[in-house]
Amino acid sequence: MDLTIRNGTLATATETMRCDIGVSGEKIVAIAERLPVGKRDIDAEGRYVLPGGIDSHCHIEQLSGMGIMSADDFYSGTVSAAFGGTTTIVPFAAQHRGTSVTTTVADYHERARTKAVVDYGFHLIIGDPTEKVLSDELPAAIRGGITSFKVYMTYPKWRLEDYQLLEIMSVAEREGALVMVHAENDDMIRWLAKRLIERGHGAPRFHGVAHSPLAEAEATNRIIMLSRLLGAPVLIVHVSSPEATNTIRAAQTLGARIYAETCPQYLVLSAQDMDKPGVEGAKWCCSPPLRDKAAQQAIWSGLANGTFQVYSSDHAPYKFDKTAKIPRGGETTFKEMANGIPGIEMRLPILFSEGVLKKRLTINQFVALGATNHARMYGLYPRKGTIAIGSDADIAIWNPEIEKRIDYSMMHDAVGYTPYEGHVYRGWPEIVLSRGRVVVEGKDLKAARGSGQYLARGVPAPVAAGPAMIDGPARKLKELING
Ligand code: DUC
Ligand code: ZN
Ligand code: ZN
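Rules of the game
Residues numbered from 1 in each chain as written. Chains lettered and ligands numbered in written order. Predicted model: local features only at pLDDT ≥ 70, side-chain atom pairs only at ≥ 80, totals over all residues. Heavy atoms only, no water. Donors = N, O, S within 2.8 Å, 3.2 Å for Na, K, Ca; no water. Helix = DSSP H or I, 4+ residues; strand = E, 2+ residues; numbered from the N terminus. Buried < 20%, exposed > 50% of the residue type's maximum accessible area, 1.4 Å probe, protein only. Expected span 1.5 Å × (residues − 1). Contact = heavy atoms within 4.5 Å. Polar contact = N/O pair within 3.5 Å; in protein donor to acceptor, adjacent residues only side chain to side chain. Salt bridge = Lys/Arg side-chain N within 4 Å of Asp/Glu carboxyl O. Core = buried A, V, L, I, M, F, W, Y, C linked by side-chain atoms within 4.5 Å. Near = heavy atom within 4 Å. Areas by Shrake-Rupley, 256 points an atom, 1.4 Å probe, with all protein chains shown as cover. Nonpolar A, V, L, I, M, F, W, Y, C, P; charged D, E, K, R; others polar. pLDDT = per-residue confidence, 0-100. Disulfide = S-S within 2.5 Å.

Ideal values differ by geometry: the angle at a metal is 109.5 degrees with four tetrahedral donors, but 90 or 180 degrees with six octahedral donors. Only His 57 (NE2), His 59 (NE2) and Asp 314 (OD) from the protein coordinate the zinc ion (ligand 3), and they sit 1.9 to 2.0 Å from it. Each donor residue of the zinc ion (ligand 3) lies on the same chain, and together they follow the pattern H-x1-H-x254-D. In this model, the zinc ion (ligand 3) sits 4.2 Å from the zinc ion (ligand 2). Of this pair, His 57 sits in strand E6 (residues 53–58) while Asp 314 sits in the loop between strand E14 (310–311) and helix H11 (347–356), and the two are 257 residues apart along the sequence. Of the residues examined, His 57 reaches a relative accessible area of 0% and is grouped as buried.

The end-to-end C-alpha distance of helix H10 (residues 293–305) is 18 Å, a good match for the 18 Å that 13 residues give at a rise of 1.5 Å each. Among all positions in H10, only Ala 295, Gln 296, Ala 298, Ile 299, Trp 300, Gly 302 and Leu 303 are buried. Looking at the buried positions of H10, the neighbouring elements they touch are helix H8 (242–254), strand E13 (258–262), helix H9 (265–268), E14, H11 and helix H12 (363–377). Measuring from the side-chain oxygen of the N-cap residue of H10 to the backbone nitrogen of Ala 294 gives 3.3 Å; that N-cap residue is Asp 292. A positive backbone phi angle near 90° is found at Gly 306, which sits one or two residues after H10.

Moving on: the pattern of salt bridges. For the coordinates displayed, the defined rule picks out 36 salt bridges. The shortest N-O distance in the salt bridge between Asp 162 and Arg 222 comes to 2.7 Å. Pair noted here: Asp 162 is in helix H4 (residues 162–175) and Arg 222 is in helix H7 (residues 213–230), with a separation of 60 residues, a long-range link. In this structure Asp 162 comes out as partly exposed when scored by relative accessible area, which is 27%.

The nonpolar side chains of a soluble globular protein tend to be buried with one another. Counting residues in hydrophobic clusters, the biggest one holds 112 residues, and the most contacted among them are Phe 149, Met 169, Ile 223, Ile 236, Leu 303, Leu 351 and Phe 366. Beyond its immediate chain neighbours, meaning those up to four positions away, Phe 149 contacts Leu 124, Ile 126, Leu 138, Ile 142, Ile 168, Ala 172, Ala 177, Leu 178, Val 179 and Met 180. Counting 17 residues, the second largest nonpolar core, distinct from the first, contains Leu 3, Ala 44, Ala 393 and Ile 397.

Surrounding ligand 1, one finds His 57, His 59, Lys 150, Tyr 155, His 182, His 238, Ser 287, Asp 314, Ala 316 and Asn 339. Measuring from an oxygen atom of ligand 1, one finds a side-chain N or O atom of His 238 at 3.2 Å. Between ligand 1 and Asp 314 there is a distance of 2.8 Å, counted from a nitrogen atom to a side-chain nitrogen or oxygen. Relative to its free-state accessible area of 240 Å², ligand 1 is covered by the protein chains to the extent of 95%. A per-class count over the shell around ligand 1 returns two nonpolar, six polar and two charged.

Here the focus is the coordination of the zinc ion (ligand 2). Ligation of the zinc ion (ligand 2) by protein atoms is provided by Lys 150 (NZ), His 182 (ND1) and His 238 (NE2), these donors lying 2.1 to 2.2 Å from the ion. All donors of the zinc ion (ligand 2) belong to a single chain; written as a sequence motif, their spacing is K-x31-H-x55-H. The class of His 182 is buried, set by a relative accessible area of 1%.

Attention now moves to the confidence of the model for the protein chain. When pLDDT is averaged along the protein chain, the result is 96, and 97% of the positions lie at 70 or above. Long-range and interchain partners of residues 465–470, a stretch whose pLDDT sits below 50, account for 10 contacts in this model, where long-range means more than four residues apart.

Taken as a whole and assessed by the stated rule, the structure comprises zero disulfides. Here Cys 58 is not disulfide-linked; the sulfur of Cys 263 is the nearest cysteine sulfur, at 11 Å. For Cys 58, a relative accessible area of 0% translates into the label buried.

Next comes the structure, spelled out in structure tokens:
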């Protein structure tokens, strides 16, 4: 064997056991109580040996809906991911109006190919669902391994009508792709924002007022109804509020094919963070916005009780300067600020520290939420997301004893600040492997630029499909309209 990891505690989404792991080439080839020492041997005594994380929501080298370029390219973004224990990312290829999907996808392949240090796939943001896109380009994207699409219910340049959402959901369902939804009611937000700004309330904290939890809940409810109408699965991304969480939970209880994601910022940051002098609070402006302490509790409960299948960073790295967060310096209003906060490196350490060590989640839930469920939901399982014979040797060796006080100099992204400055988290990855290669060892990066590979993904296999209670009527309707 090329590599053995011995004496550690292996945890998967379902099991925890003391055992050794053998790696040959890029694959895991042995899991046993005792293995002989390989060409390289890692002593993992006192450590957890976990599947490398999968971050299925991050914005890397991407132009936002407001036309702003993210600070991280595929090099800094994947290096930062690797230092946080993540060995696979699925960022977005973003189609803007007037651009074809084919051109968009080719463009993003080119951006990533020579820079990524860990493996990557793409979701497609659909900004312009023309007839040609629906009939030819989406099926072609799926054949090329892009088996999930993100759609927006807000932002002037990306917002889609319900009719367009139905068209996309119907194609996705027919072709075996998953639709991810940014669920916020655009009109409610625009209406509130206009009035707030007219009355001089442009400071960052008013971003949280304009993006009311009711706007999130309304859009969440609406997309659920569209999904139920078609019997088509949707995954609601970056859920932030108790209102939306409860709506999702109720739909799942009915048996609707509704899946959901949340992110670290909704667990440990709050609206208070936006409330800083001047425009400083822009560093904490993301959409949906940070909420209050009660919302944090609701999101933790949703992680523990299975409402959320996946936990992603929504790493949306924008510099705190004129290019992104504060285009008009101190005069910038919340409407003009790039929406999003960085967190690709902090995602798993936050969940480990605040979830596992504080006993809100088991280590197996941590693995499921941070890796395995992403692989299943997005068509990468069992190659990625687990430790099993035949899987890629993507492994993060975690030391539960290491404690760090966060300061930006520790981060490997290109953003220039971290919203978690001064926070203290315990439990960090020490050694990270991607396809059998050590990519991170302590403070050292071992991976070469461009050594990450593109992952053509298969058909998504959702992890928590409920009983088919409302599938029946949807099936009947489908028979009627299809044939
Ligand atoms: N949506 C995202 O998914 N990320 C950043 C900002 C946004 O609106
Ligand atoms: Zn979004
Ligand atoms: Zn996002």
